[in-house]
Amino acid sequence: MRIREIGIENEKKLLFLPGAISDYSWYELTLDSLKEDWHIYYVFYDGYHAPYEKSFQSVEIAARDIIDYFENCSIKDFDMVYGLSMGGAIANLIYAKDKFKIDILIIDESPTRVKMPNFLRPIYRLRNNLGLGILRKSKWIMKKAYPPEIWTQPGVDVEKDYQETHEFLNRLTFETMKNSYNSALDYEMPKTIPNNDTIIYYLCGEKNKNDMKQFIEEYEKLYPKLIFKIIEDAEHGEFCVMRPKEFSEFINSF
């Protein structure tokens, strides 16, 4: 695991936990929009940085390693912790451990354990693994799953953009890919949470809210004071990755 610090001259501290199977470059416009106001700690999980040899294992191990890192740095508080998708699951686990004072926790479309009979879980994981394998092998499939009209910024060379994503996916070990995806969908939610004044948001793209319904219900049970925010006309992850100006305005509103 590695941490990249951005905007280190700023007082407000933001722990930024990216989603699964995503590259730092996807967030650069967003981070550039935030670095004038925030001291950002961007986390590269195991398996997500060169030389890509140590694979990602689980959201629980990632949360433990992040806690250990910042405790060793004697950092005791964050003005904000933001986690996207798998990063939201990790943020959730970090918050539940109550090791840091966190003013604002933002969980952006994070999953929980998918509800199904246990005997079906190996089949579900196998299906996920097959899909990931196809995605990393075929740029055509990638474009079908993530259409350029949604997932490329204006003025970007689409072919170059998708080629770079294809190369990134093939730098990751397959173990990193499958462990990232499957552990985020099969981890135990915390049983209890700290009793404090942390403001907690759950963000959800309007186009994805039906798919996230089960997960939202689990978070609402865990966090009685949860503030639920719908992102209009947005897919999963689109708010943070593709709408940097709108996203940074939201973050800077606190």
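See above for the structure.
Residues numbered from 1 in each chain as written. Predicted model: local features only at pLDDT ≥ 70, side-chain atom pairs only at ≥ 80, totals over all residues. Heavy atoms only, no water.

With that settled, consider the overall build of the protein chain. What the protein chain contains, in helices and strands, is 11 helices and seven strands. Computed over its C-alpha atoms, the radius of gyration of the protein chain comes to 17 Å, within 12% of the 18 Å expected for a compact globule of 254 residues. The dimensions of the protein chain, computed from C-alpha atoms along their principal axes, are 45 × 45 × 40 Å. By residue count, 53% of the 254 residues in the protein chain fall in the buried class. For the protein chain, contacts bridging at least 24 residues in sequence account for 80% of all contacts bridging at least 6. For the protein chain, the accessible area works out to roughly 12,700 Å², and carbon and sulfur atoms hold 51% of it. (Helix = DSSP H or I, 4+ residues; strand = E, 2+ residues; numbered from the N terminus. Rg over C-alpha atoms; globule rule 2.2 N^0.38 Å. Buried < 20%, exposed > 50% of the residue type's maximum accessible area, 1.4 Å probe, protein only. Contact = heavy atoms within 4.5 Å. Areas by Shrake-Rupley, 256 points an atom, 1.4 Å probe, with all protein chains shown as cover.)

Let us look at unusual backbone geometry. Of the consecutive residues Ala50 and Pro51, the connecting peptide bond is found in the cis state with omega at 5°. Considering the arrangement of structural elements, one finds Pro51 in the loop between strand 3 (39-44) and helix 2 (59-72). Backbone geometry places Ile21, a non-glycine residue, at a positive phi of 50°. By relative accessible area, which is 10% here, Ile21 ends up buried. At Asp233, a position not held by glycine, the phi torsion is positive, near 55°. Tracing the sequence through the fold places Asp233 in the loop between strand 7 (227-231) and helix 10 (238-242).

On to helix 11 (residues 244-252), then. The complete set of buried residues in helix 11 reads Pro244, Phe247, Ser248, Phe250 and Ile251. Angular distribution of buried residues about the axis of helix 11 spans 155°; they occupy a single face of the element. Where the residues of helix 11 are buried, they touch helix 1 (28-34), strand 4 (77-84), strand 5 (101-108), strand 6 (199-205), strand 7 and helix 10. (Arc of directions from axis to C-beta.)

Evaluation of the coordinates by the stated rule reveals 27 aromatic pairs. When the ring of Tyr69 is compared with that of Phe70, the centres are 5.0 Å apart and the planes differ by 85°; the resulting orientation is edge-to-face. Using a relative accessible area of 29% as the deciding quantity, one classes Tyr69 as partly exposed. Ring geometry for Tyr219 versus Tyr223: centroids 6.2 Å apart, planes at 10°, classification stacked. Joined through ring pairs, the aromatic side chains of Phe16, Tyr24, Tyr27, Tyr42, Phe44, Tyr82, Tyr201, Phe239, Phe247, Phe250 and Phe254 make up one cluster. The ring of Tyr162 has Lys143 sitting right over it, with the charged end atom 5.8 Å from the ring centre. (Phe/Tyr/Trp six-rings, centres within 6.5 Å; stacked < 30°, edge-to-face > 60°. Lys NZ or Arg CZ within 6 Å of the ring centre and 35° of its normal.)

Attention now goes to the packing of helix 4 (residues 121-137) against helix 8 (residues 174-184). One way to put it is that helix 4 packs onto helix 8 with a least axis distance of 10 Å and a crossing angle of 130°. Between helix 4 and helix 8, the angle is such that the two are oblique. Judged by the twist between their axes, the crossing of helix 4 over helix 8 is right-handed. Between helix 4 and helix 8, the contacting residues are Arg125, Asn128, Asn129, Leu132, Gly133 and Arg136 on the first element and Phe174, Met177, Lys178, Tyr181 and Asn182 on the second. Here the contact of helix 4 with helix 8 is composed, by residue class, of four nonpolar, four polar and three charged. (Axes fitted to C-alpha atoms, helices over the stretch in contact; angles between N-to-C directions. Parallel < 35°, antiparallel > 145°, perpendicular 65-115°, else oblique. Left-handed = near helix turned anticlockwise from the far one by under 90°. Nonpolar A, V, L, I, M, F, W, Y, C, P; charged D, E, K, R; others polar.)

Okay, the sheet that holds strand 4 next. In spatial order, the strands read 1-3-2-4-5-6-7; together these seven strands make up an open sheet with mixed pairing. Strand pairing shows two members of the sheet lacking a second neighbour, strand 1 (2-6) and strand 7, which therefore form its edges. The mean inter-strand angle of the sheet, taken between neighbouring strand axes irrespective of direction, is 20°. Relative to strand 5, strand 4 is paired through seven bridges, and the arrangement is parallel. Residue pairing for strand 5: Val81 is matched across the bridge by Leu105. Each of strand 2 (13-17), strand 4, strand 5 and strand 6 is contacted by helix 3 (residues 86-97), which is oriented at about 145° to strand 4, the strand it contacts most. (Pairing = 2+ DSSP bridges.)

Quick look at the state of the cysteines now. On inspection of all chains with the given rule, the structure shows zero disulfides. For Cys204, which is in no disulfide, the shortest distance to another cysteine sulfur is to Cys240 and amounts to 15 Å. (Disulfide = S-S within 2.5 Å.)

The next thing to look at is the packing of helix 4 against helix 7 (residues 158-171). At their nearest, the axes of helix 4 and helix 7 sit 8 Å apart, and the two run at 130° to each other. With respect to helix 7, the axis of helix 4 lies oblique. Across the interface between the two elements, Leu135, Arg136 and Lys137 of helix 4 pack against His166, Leu169 and Asn170 of helix 7.

What follows is about helix 9 (residues 213-222). Listed in full, the buried residues belonging to helix 9 are Gln214, Phe215, Ile216, Glu218, Tyr219 and Leu222. Next to the buried residues of helix 9 lie helix 3, strand 5, strand 6 and strand 7.

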